[in-house]
Amino acid sequence: MKRVVAWLFLALGLAFAQVEIPFWHSMDGPAGRAIDQFAKEFNAKQRSFRVVPVYKGDYRDGENSLVSALRAGGAPVLYQAEVVFFPRLVAEGSAVALDDLVRPLPFENDLFEAAWDYGIIGGKRYGLPFNTSTPVLFFNEDQLRAKGLKVPSNWKEFGEVARALSSRQSKGFIALTESWTFEAMVTSRGGNLVTPDGKPNLTSPQVVEALEFLQNLNRSGVISVRNLAESTFAQLDFVRTKGMMVFASIANWPAAENFSFAFRLGVAPVPREPGGKVPLGGAQLVVVRGASPEQQRGAVEFWKYLMEPEVVARWVQASYYVPLRRSAEPLLEGFYKENPYRRVAFQQVGVAQPRPRVPQFAVWRNFLEEALEKALKGGVPARQALEEAQRKAEAAR
């Protein structure tokens, strides 16, 4: 009899066991805490699934961790794939097609098309939108006003403002040798880093013009240059008024609030030429190869919870990312009214374009960043540095 009872309890335990959904992400600070809270809420509202969020460092740290896990085992079920890395996962067969799990989606027409459509590659849906942003210009509003300057709306004005803000103590602009913010300087001129047929385009007129523009400002002594490894120093340069303007994601704002600003922080759109665009940033949620059917279903159910308008609104307030559902906008009016600068990234969505959906671009961007550093820190002529990057990209497989 005791054995029968034991087996009965075991069977009941198995019947009610929650399917675990390990979720690797790259959000720290307020955004990371929000993800933890959303997982707790989702886990509490149903008994079938248990989402376990795990912070894996920044995007590139997370990418390295995932690549290693796919080789050695231990990959998560759900993964936050930065938009450049996302096509590579699909091309390598590491992402699960989700069409059958997503359809029908009652709120599809409520989603902003640019982020929703990015998850489709080759006619199949592999990505679910989560965090979407556009690059913005952070600036020292006190200095801009003190010098009677206007926020630059095109690149000629930007150069003039950068020069006017420069002094012996500070630089007008902090340039990062990083692909996304540089891409914004290209797309805003009407160019692209990749051709329409998916080939590297690192020596196009707009790319060369953008780098020569930065190089000329650098020679004039009006910018400071930091690479990705020095991004924390770039933040400190800005906070300590050693640099007056810098491009970054709007999502960098909450983390920046950990610092004590001695000035009013201004936020503006990326300067653009007529017809210019800005590149969308952020990530798609991907269900990783090896997940069981039940884990796949649980991952999608968790994403649906994240897309509830009230949850979207809370996510935006924690992270400053762009709201992905139109029905969340009314819930954010107070948040945006409190500080209108918070709306800048959202306002750029109308002139935004997706980043290249070419698997090799995840490698090409490394060659581009090498070129930026050689030109801006090593003094190599812009065209020469970019030609080398183009050759490397064309040779890469």
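Residues numbered from 1 in each chain as written. Predicted model: local features only at pLDDT ≥ 70, side-chain atom pairs only at ≥ 80, totals over all residues. Heavy atoms only, no water.

**Observations regarding the overall build of the protein**
Part 1: If you tally the helices and strands in the protein, you get 18 helices and 14 strands.
Part 2: Relative to the globule expectation of 21 Å for 397 residues, the C-alpha radius of gyration of the protein, 23 Å, shows essentially globular dimensions.
Part 3: Once the C-alpha set of the protein is aligned to its principal axes, its extents read approximately 90 × 50 × 35 Å.
Part 4: For the protein, the proportion of contacts with a sequence separation of at least 24, taken over those separated by at least 6, is 77%.
Part 5: When the accessible surface of the protein is totalled, it reaches about 17900 Å², and 52% of it is carbon and sulfur.
Part 6: Of note, the protein has its 48 positive side-chain charges centred 2 Å away from the centre of its 41 negative side-chain charges. (Helix = DSSP H or I, 4+ residues; strand = E, 2+ residues; numbered from the N terminus. Rg over C-alpha atoms; globule rule 2.2 N^0.38 Å. Contact = heavy atoms within 4.5 Å. Areas by Shrake-Rupley, 256 points an atom, 1.4 Å probe, with all protein chains shown as cover. Lys, Arg positive; Asp, Glu negative; His and termini not counted. Charge placed at Lys NZ, Arg CZ, Asp CG, Glu CD.)

**Structural notes on the packing of helix α10 (residues 205-219) against helix α18 (residues 382-395)**
Part 1: Following both chains from N to C, one finds α10 and α18 inclined at 135°, their axes separated by 9 Å at the closest point. One element, α10, and the other, α18, form an angle in the oblique class. When the axes of α10 and α18 are compared, the crossing they make is right-handed. Contacts from Val207, Val208, Leu211, Glu212 and Gln215 of α10 reach α18 at Ala382, Arg383 and Leu386.
Part 2: Grouping the amino acids of the contact of α10 with α18 by side-chain chemistry returns five nonpolar, one polar and two charged. (Axes fitted to C-alpha atoms, helices over the stretch in contact; angles between N-to-C directions. Parallel < 35°, antiparallel > 145°, perpendicular 65-115°, else oblique. Left-handed = near helix turned anticlockwise from the far one by under 90°. Nonpolar A, V, L, I, M, F, W, Y, C, P; charged D, E, K, R; others polar.)

**Digging into the environment of valine 90**
Part 1: Looking at the secondary structure, you find valine 90 in helix α4 (residues 86-91).
Part 2: Between the C-alpha atoms of valine 90 and glycine 122, which are 32 residues apart in sequence, the distance is 9.6 Å.
Part 3: Discounting residues that sit within four places of it in the chain, valine 90 has contacts with Ala95, Ile121 and Tyr126.

**Remarks on unusual backbone geometry**
Part 1: Cis geometry marks the peptide bond from arginine 103 to proline 104; its omega dihedral reads -10°.
Part 2: Tracing the backbone through its elements, the reader meets proline 104 in the loop between α5 (99-102) and α6 (113-118).
Part 3: Phi is positive for threonine 241, close to 60°, though the residue is something other than glycine.
Part 4: Mapped onto the elements, threonine 241 comes out in the loop between α11 (231-239) and β10 (245-249).
Part 5: One non-glycine residue with positive phi stands out, namely tyrosine 320, at about 70°.
Part 6: Within the element layout of this structure, tyrosine 320 appears in the loop between α14 (309-319) and α15 (333-338).

**A closer look at the sheet that holds strand β13 (residues 281-287)**
Part 1: Within the open sheet, the five strands sit side by side as β2-β1-β3-β13-β6. Their pairing is mixed. Either end of the sheet is taken by a strand with one partner, and the two such strands are β2 (49-55) and β6 (128-133). Direction aside, the axes of adjacent strands within the sheet are offset by 20° on average.
Part 2: The pairing of strand β1 (residues 19-25) with β2 spans seven bridges and is classified as parallel. Considered in β2, the bridge of tryptophan 24 is made with valine 54.
Part 3: Along the sheet, helix α2 (residues 29-45) contacts β1, β2 and β6; its crossing angle with β2, the most-contacted strand, is approximately 170°. (Pairing = 2+ DSSP bridges.)

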